[in-house]
Amino acid sequence: MMNKKWAYVGLAAVAAIWGANFGFSRIAMETFDPILFAFLRFGLAVPCFFTILYWKEGHVGIPLRAALQLALIGLFGVTLLEILVMYSIKYTTLANASLLNVAPWPIFAALFAPLFTKESLTRRLAVGGIVAIAGVCLVILGGAEGFSLSSDNMKGNLMAFSISLIGALFNLSCMPLMRTYSALRVSTWFITFGALFMFPLTIGSWGDVTWSDLGIKEYSVTLYNVLICTVVSFIVWNASMFRIGAARSNFFRYVVPATAVAAGYLMFDEGISLWQMGGAVLMAAGLVWISIDRKTADS
């Protein structure tokens, strides 16, 4: 039971780290092309992953069949997903992108989970999920930007919505592999493949950066992305997700926009409304409800 409680703590902590990274990434975008920065994040993480994997497990190899599966997961779950995130923000409002990216993701994970795992949609998960969804909608829509149904945003809206579907399937597809291989091994290889597929898309961007002018700010943001947001976070998230299930775990992604709002307030002096604070409380209540394990309540 204690291990499961720590898994919930891990999920919430990783989601908070990813949420705070919206602020750090905004700083990085002043210097780097978005896709180049995404490549640096994952590409520089690869040697870290392999070093830790060899240190922990003594070898780094995987069979050809698993490699092909992880290559496909890396292509969709890292390369395509990161590109869609960047361009969804470009072609729609930040509020639209945040809501359509985050809110449907856990719903898709819960709906498709039976195809990949033995998980089922319980009454407790459904109730907690609805409460958490209501909370995250208030967090996002309670900001000054709000939600827009303008036709000008339709391309970005569709991209953001597709992120939720692809992301949920990406998470779920890792679950069967983690019955055979550790979360560390699975993370190492799909991130490696994702970085490899992303590299050709960065070729025209390297010359746009004045590398000699990079300072402590740029190195600090990059280091945070590589070590904290990628190496630590993916290992903890996948291990925690395997421990408590993909359907339940993905609702903790709702911590991301709440933390992003807090990061905007702390780093860029952006306002926080009472609606957003109330939404954060409601979202937290839903996640706490999901986290409580009561066999009788889940029947």
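Residues numbered from 1 in each chain as written. Predicted model: local features only at pLDDT ≥ 70, side-chain atom pairs only at ≥ 80, totals over all residues. Heavy atoms only, no water.

(A) Representation of the layout of surface pockets. Reported here for the second largest pocket is a volume of approximately 200 Å³. Considering the residues around the second largest pocket, the lining is formed by Gln69, Leu72, Ile73, Phe76, Gly77, Ile166, Leu169, Phe170, Ser173 and Leu177. For the lining of the second largest pocket, the secondary-structure elements that each account for two or more residues are helix H3 (64-91) and helix H7 (154-177). (1 Å grid on protein atoms, 1.4 Å probe; cavity = no way out; pocket = protein on both sides within 12 Å on 5 of 7 lines; lining within 4 Å. Points joined across faces, edges and corners; volume = space filled by probe spheres on them. Helix = DSSP H or I, 4+ residues; strand = E, 2+ residues; numbered from the N terminus.)

(B) Up close: helix H5 (residues 104-116). Along its 13 residues, H5 runs 18 Å from first to last C-alpha, staying within 8% of the 18 Å computed at 1.5 Å per residue. Its maximal kink placed at Ala110, H5 deviates by approximately 35 degrees, while the proline Pro114 follows within four residues. Of all the positions in H5, only Pro104, Trp105, Pro106, Phe108, Ala109, Ala110 and Ala113 are classed as buried. (Expected span 1.5 Å × (residues − 1). Bend = angle between axes of the 7 residues up to and from the residue. Buried < 20%, exposed > 50% of the residue type's maximum accessible area, 1.4 Å probe, protein only.)

(C) Spotlight on a nonpolar patch on the surface. The grouping of Leu223, Leu227, Ile228, Val232 and Val236 at the surface amounts to a nonpolar patch, some 360 Å² of accessible area in total. Judged by relative accessible area, which is 43%, Val232 ranks as partly exposed. (Patch = residues over 30% accessible without salt bridge, like charges linked within 9 Å, V, L, I, M, F, W, Y side chains within 5 Å. Areas by Shrake-Rupley, 256 points an atom, 1.4 Å probe, with all protein chains shown as cover. Salt bridge = Lys/Arg side-chain N within 4 Å of Asp/Glu carboxyl O.)

(D) Inspection of the pattern of salt bridges at higher detail. Enumeration over the complete set of coordinates arrives at two salt bridges. Where Glu30 meets Lys217, a salt bridge forms, and the shortest distance between an N and an O atom there is 3.5 Å. Note that Glu30 is positioned in the loop between helix H1 (2-28) and helix H2 (34-57) and Lys217 in helix H9 (residues 216-244), a separation of 187 residues in sequence. Salt-bridge contacts for Arg185 lead to Glu57; the nearest nitrogen and oxygen are separated by 2.7 Å. Taken together, the residues Arg185 in helix H8 (residues 183-198) and Glu57 in helix H2 connect sequence positions 128 residues apart.

Keep in mind these values describe shape, not function.
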